[in-house]
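For reference, the chains in residue letters:
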Amino acid sequence: MKLTRRKAIVGGVLGAGFIGVGWWFAHERDRLGDRALLHVKPGEAGLNGWVKIARDDTVIVAVPRAEMGQGVHTALAMLVAEEMEARWEQMRVEDPPESVVYRNVEILIDGLPFSPEQTGTIVDMAHWAATKLGGVLGVAATGGSTTVRDAWVPLRTAGAVARELLLQAASRKSGVPAAELVAADGTIRRRDGGVVARFGELVDLVGDLGPMAAPPLKPVSRFKLVGKPLPRLDIPAKVAGAATFGIDVRRPGQVYAAVRHAPTFGGEVASFSVRGGKPKGIEEVVIVPGGIAAIGRSWWEAERFLEQGFAVSWRDGPEPKLDSATLWKRYESLIDGEPALTRTLGAEPAALGGQKLEAIYRAPYLAHTPMEPMNCTALFGGTSLELWMPNQSPTLMRLAGARAAGLSQDEVTVHTTFLGGGFGRRAEVDLVREAVACALQMPGRPVQVLWSREEDIRHDMYRPMALAHWTAFFDKGLVAVHKKQIGQSPTDQFGKRAVGLPGQGKPEGNAVENPPYAFPFYRLDAVVPDGVVPVGFWRSVGHSHTAFFDESFIDEMAHFEQKDPFEYRRALLAQQPRHRAVLDRAAKEAGWGTALPAGTGRGIALRASFGSIVAQVAEVEVKDKTFRVRRVTCAIDCGPLVNPAIVRAQMESGIIYGLSAALFGEITLKDGAVEQSNFTDYDAVRLADAPEMAVHIVDSGARTVGGVGEPGTPPIAPAVANAIFAATGQRLRGLPLKL
Amino acid sequence: MISLSVNGKWRDVDAPDDKPLLWVLREDLDITGPKFGCGIAACGACTVHVDGEAVRSCSLPAGGAAGKAIVTIEGLGDNSVGGQLHPVQRAWIEEQVPQCGYCQPGFIMATAALLKSKPRPTDQEIDDALTNICRCGTYSALRRAVHRAAALMAGP
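Residues numbered from 1 in each chain as written. Chains lettered and ligands numbered in written order. Predicted model: local features only at pLDDT ≥ 70, side-chain atom pairs only at ≥ 80, totals over all residues.

1. A word on the overall build of chain A
Line of reasoning, step 1. Along its length, chain A carries 16 helices and 29 strands.
Line of reasoning, step 2. For 739 residues, the compact-globule formula gives about 27 Å, and the C-alpha radius of gyration of chain A, at 27 Å, lands near that figure.
Line of reasoning, step 3. Along the three orthogonal principal directions, the C-alpha set of chain A runs to about 85 × 75 × 50 Å.
Line of reasoning, step 4. Counting every position in chain A, which comprises 739 residues, the buried fraction comes to 58%.
Line of reasoning, step 5. Restricting the contact set of chain A to residue pairs at least 6 apart, pairs at least 24 apart contribute 78%. (Helix = DSSP H or I, 4+ residues; strand = E, 2+ residues; numbered from the N terminus. Rg over C-alpha atoms; globule rule 2.2 N^0.38 Å. Buried ≥ 20, exposed ≤ 12 C-beta atoms within 10 Å, placed from the backbone. Contact = placed C-beta atoms within 7 Å.)

Listed below in structure tokens is the structure:
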């Protein structure tokens, strides 16, 4: 099945970083929405489903996407401002109410973590979801680095239509025909330059102007704001300490809940007892899915009560003895297991004689550890449920909230706060279920459920532990490569967990994307084991560990053939000019091939993900048994740019996030439970560990917008591992990297 | 009852002495700029000033701060509209440091304390003083902003 932009589809589909339950898809024009969708306050006027103006001259853009640091509030406002001819200083954003108009279509097209072989499955699931889930259509979600890709046309269209409406209103005010008026710098002017009205002066004149046809959009060459490094809209509040994150929500009569979860996966409360009576600050003790919560006037008191005044015994989950060593053995035994997916590219050689190069790589489970610990505030009012939370998909939170409270979705309202980091973790609905379980016991009282960092690290949905067995066959040059990759599928698990979709047993799509290299023959066998460990979408999803496997092995192949690793890749990218240009740029800017001091090495890696292509060169200094990443040079081709400052910031962000994992990230299991607990044993890169970074944006003339939130992460681990090899001759095949 | 001086105002709080300052600020005084990140003084998101020193408030019993001058991000500069932000906050805006922004109040408070004792810190001194965690990886911009704040505070 081909997914085209002119096709209306209803379906149930999982997206990268998130999910679509049912799928609303339509012409761009239908995404304009109606001004009636917006909450219009006194002194404001709605122009369409995305844009309002206010008497004080502000332009307010509806942004139904999560601002988790990636700059989407700013980027979406820029798209509107560009076509509206607004001044950047007058732009503001607002979280709109739920509507199909705001749903992310792109996440269901390019963000799909399904392998291409599964298009039949998608259709099946679509029908299943459509019938089972009925009213759920589409998904408002932030993930898969899709926000700008999704908004590129609809938000500019919304700005252009708003501008046309203001031209009509100004014409009415001034008596000058609209054709003789233009919009510029937040005003409507005569073509000869005289100002007819500021936007804010037209608030009372637009009310009865009807919807109008979308005018043609500006060509990229005429952009004034888009493509410029404009300041972010969210920064002033963030430096003042005034930005409201989920944990900062304060409602009248609010109480707080601390939670403990069963240590083993799938475990639950067997029994509990309170030592010496409930202290006066504790109002309720509530069993929640997989754990128990104490509710009181203070989170700290509730947490202390669970720690000191409370005894609970747990019923173990299905694998109470599981440990990491056992699991690795299980994965090794699956190298020759039944693949869930086999794919070949090129003509299979008749025989594979000659020499063989083999290697096994490992990547551990990883937690997300966003800085803001997990939380959700819920208020149950009998026939209504209100949720305030940092989340990546209000549609899914609403669905989960409705199911948990036994209400219809119309009775549930979700308020999305700023997110203190998301990284995929905040697409999960577990916090909603817990908060609703607590709120049902406290009708009329808002309950803020907050997890300690220990609960966060021990009860995450982890990046899957994964193993790859790579083989290359040479017979007077390369003749074939073969990869077997083993790992659970977050897509499958998420579908079951979040909305009850049937599992497909197929690998997550990002993990099995085809390599860009022109191998004479490529074969992939992907094995998808079951497992009790919950896995989820971790920034860049399958790309993160797969890039480590693939880009480490191609380095080994280069070494085996006694070629320079950059030149070796380059030669295999003859058919991929964009990839090659990005690789070349990173190498050139990093001074690839120039001399380095002894004990220092450079490593290169390339990965295309989420519509963008990124190459990185890491420079590593090794002393004794330690190493330090001194410098990272990054090149990206993400197609048309909205805000280059944000693109650079996202590349640096992706590098640091990936580097934290490469240097420190390892979740291990013992007795069926996670061993790590806090930043002391699950550390992150700090200022002193952060390399110097330089980001170079490659303009290939591509016209398709690529994502930037995730693509910076995948190349860093292999770039560093390859640099360590260059410096020492030692090949590290497991993450985190340890000499 | 604990008497605390927070952002220049005396506040009486009915909380146990051993309740950490962070939670007294957040729950009893509704001052939410200092953030909870780890609870064990490992990440620095909760950093405030106590008598001018940067302190990780998640691990300081409020009783221990009684009578001392506590300053949070809300009281660092004049955050009101048209008010004069602290030079560190201005530098943070000029260098566009925050991404998700959750850890930034802690970094800003730690930086302001650092610059008081070391007006022109070296990179090494910055590394040693700012051991907070930022999961968004804003470190490059953050380092530039520390130097910029130092320059702003030194004056023309």
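2. Details of the confidence of the model for chain B
Line of reasoning, step 1. Averaged over all residues, the pLDDT of chain B equals 96, while 98% of them reach at least 70.
Line of reasoning, step 2. Scoring of the predicted complex yields 0.95 for pTM and 0.98 for ipTM. (pLDDT = per-residue confidence, 0-100.)

3. Some words on the sheet that holds strand β10 (residues 255–261) of chain A
Strand-to-strand pairing in sheets goes through backbone hydrogen bonds, with the strands running parallel or antiparallel.
Residue and element names in this part refer to chain A.
Line of reasoning, step 1. Judged by pairing direction, the sheet is mixed, and its seven strands sit side by side in the order β12-β13-β10-β20-β17-β18-β19 without closing on themselves. The strands lining the two open edges of the sheet, one partner per strand, are β12 (282–288) and β19 (412–416). Adjacent strand axes in the sheet meet at a mean angle of 20° when their direction is disregarded.
Line of reasoning, step 2. Bridge analysis of β10 against strand β13 (residues 291–296) gives six bridges, and the strand direction is antiparallel. Within β13, the residue paired with A257 across the bridge is I295.
Line of reasoning, step 3. Together, β10, β12, β13 and β20 (447–450) form the strand contacts of helix α6 (residues 299–308), whose direction differs from that of β10 by roughly 30°.
Line of reasoning, step 4. In the packing of helix α8 (residues 394–405) onto the sheet, contacts are made with β17 (375–380), β18 (385–389) and β19, and the angle to β19 comes to roughly 140°. (Pairing = 2+ DSSP bridges. Axes fitted to C-alpha atoms, helices over the stretch in contact; angles between N-to-C directions.)

4. Points about the domain arrangement of chain B
All names here are of chain B.
Line of reasoning, step 1. By domain assignment, chain B separates into domain 1 (2–76) and domain 2 (87–154).
Line of reasoning, step 2. The C-alpha-based centres of domain 1 and domain 2 are spaced at 20 Å.
Line of reasoning, step 3. Contacts between the two partners involve 16 residues from domain 1, matched on the other side by 14 residues from domain 2.
Line of reasoning, step 4. Among the elements that line the side of domain 1 that touches domain 2, the one with the most residues is strand β3 (residues 47–50), at three residues.
Line of reasoning, step 5. Of the residues contributing to the side of domain 1 that touches domain 2, the split by class is eight nonpolar, six polar and two charged. (Domains from an automatic or database assignment. Nonpolar A, V, L, I, M, F, W, Y, C, P; charged D, E, K, R; others polar.)

5. Examining the interface of chain B and chain A
Line of reasoning, step 1. Counting residues at the interface gives 44 residues for chain B, matched by 47 residues for chain A.
Line of reasoning, step 2. At the level of elements, α1 (21–28), α2 (73–76), α3 (87–94), α4 (104–117), α5 (123–129) and α6 (139–154) of chain B are the ones that each hand at least two residues to the side of chain B that touches chain A.
Line of reasoning, step 3. The element contributing the most residues to the side of chain B that touches chain A is α6(B), with four residues.
Line of reasoning, step 4. Across the side of chain B that touches chain A, the residue classes break down as 23 nonpolar, 14 polar and seven charged.

6. Focus on the pairing of strand β7 (residues 181–184) of chain A
Looking along a regular strand, one sees side chains alternate from face to face of the sheet.
Residues and elements named next belong to chain A.
Line of reasoning, step 1. Burial of β7 is one-sided: the residues L181 and A183 facing one way are buried, the residues V182 and A184 facing the other way are not.
Line of reasoning, step 2. Two elements, β7 and strand β8 (residues 187–190), share four bridges in a ladder whose sense is antiparallel. When the bridges of β8 are listed, A184 appears paired with T187.
Line of reasoning, step 3. Counted along the chain from β7 to the antiparallel partner β8, the turn is two residues long, and its residue D185 has a positive phi close to 50°.

7. Brief notes about the sheet that holds strand β29 (residues 692–697) of chain A
Residue and element names in this part refer to chain A.
Line of reasoning, step 1. Taken in spatial order, the four strands of this open sheet run β24-β25-β26-β29, and their pairing is mixed. For this open sheet the edge positions go to β24 (600–609) and β29, each flanked by a neighbour on one side alone. Across the sheet, the axes of successive neighbouring strands diverge by a mean angle of 15°, strand direction being ignored.
Line of reasoning, step 2. In this sheet, strand β25 (residues 612–623) lies alongside β24 in antiparallel orientation, the contact comprising 10 bridges.

8. Focus on the nonpolar core
Residues and elements named next belong to chain A.
Line of reasoning, step 1. Within the largest apolar cluster, 282 residues are counted, with the highest numbers of intra-cluster contacts made by V61, C438 and V720.
Line of reasoning, step 2. Looking at this core element by element, the count peaks at 11 residues for helix α15 (residues 644–663).
Line of reasoning, step 3. Residue contacts for V61: discarding those within four places in its chain leaves W50, V51, L76, A77, V80, M91 and V93. (Core = buried A, V, L, I, M, F, W, Y, C linked by C-beta atoms within 7 Å.)

9. Re the packing of α8(A) against helix α9 (residues 430–441) of chain A
All names here are of chain A.
Line of reasoning, step 1. Where α8 meets α9, the closest approach of the two axes is 9 Å, and the angle between their N-to-C directions is 35°. Regarding α8 and α9, the two cross each other, and that crossing is right-handed. Where α8 approaches α9, its residues M397, A400, G401, A404 and A405 are matched on the opposing element by V432, R433, V436, A437 and L440.
Line of reasoning, step 2. Of the residues contributing to the contact of α8 with α9, the split by class is eight nonpolar, one polar and one charged. (Left-handed = near helix turned anticlockwise from the far one by under 90°.)

10. Re the environment of A:E358
Residue and element names in this part refer to chain A.
Line of reasoning, step 1. For E358, the location among the structural elements is in strand β16 (residues 355–363).
Line of reasoning, step 2. Given 12 C-beta atoms within a 10 Å radius, E358 is considered exposed.
Line of reasoning, step 3. Along the primary structure E358 and H482 are separated by 124 residues, whereas in three dimensions their C-alpha atoms are 9.5 Å apart.
Line of reasoning, step 4. The contact partners of E358, leaving out residues within four places of it in the chain, are W470 and T471.

11. Quick word on the pairing of strand β23 (residues 521–527) of chain A
Residues and elements named next belong to chain A.
Line of reasoning, step 1. Here strand β15 (residues 341–346) runs beside β23; their pairing, made up of six bridges, is antiparallel. Residue G346 lies in a different strand from β23, and its bridge partner there is F521.
Line of reasoning, step 2. In the sheet, strand β22 (residues 478–487) pairs with β23 via six bridges, with the strands oriented parallel. If you follow K483 over to β23, its bridge partner there is L524.
Line of reasoning, step 3. Handedness of the β-α-β unit built from β22, helix α11 (residues 490–499) and β23 comes out right-handed. (Right-handed = clockwise from strand over helix to strand, strands pointing away.)

12. Overview of the packing of α3(B) against α6(B)
Residues and elements named next belong to chain B.
Line of reasoning, step 1. Packing of α3 against α6 leaves a shortest axis separation of 8 Å and a crossing angle of 130°. Classed by the angle they form, the pair α3 and α6 counts as oblique. When the axes of α3 and α6 are compared, the crossing they make is right-handed. Listed contacts from α6 to P87, V88, R90, A91, W92 and E94 of α3 are A145, R148, A149, L152 and M153.
Line of reasoning, step 2. Grouping the amino acids of the contact of α3 with α6 by side-chain chemistry returns eight nonpolar, no polar and three charged. (Parallel < 35°, antiparallel > 145°, perpendicular 65-115°, else oblique.)

13. A look at the confidence of the model for chain A
Residue and element names in this part refer to chain A.
Line of reasoning, step 1. Of the residues in chain A, 92% reach a pLDDT of 70 or more, and the chain-wide mean stands at 91.
Line of reasoning, step 2. Scored below 50 in pLDDT, residues 110–116 shows 30 contacts in the model against residues more than four places distant or in partner chains.
Line of reasoning, step 3. Low pLDDT (under 50) marks residues 130–137, which in the prediction has 15 contacts with non-local residues, meaning those over four places away or in another chain.

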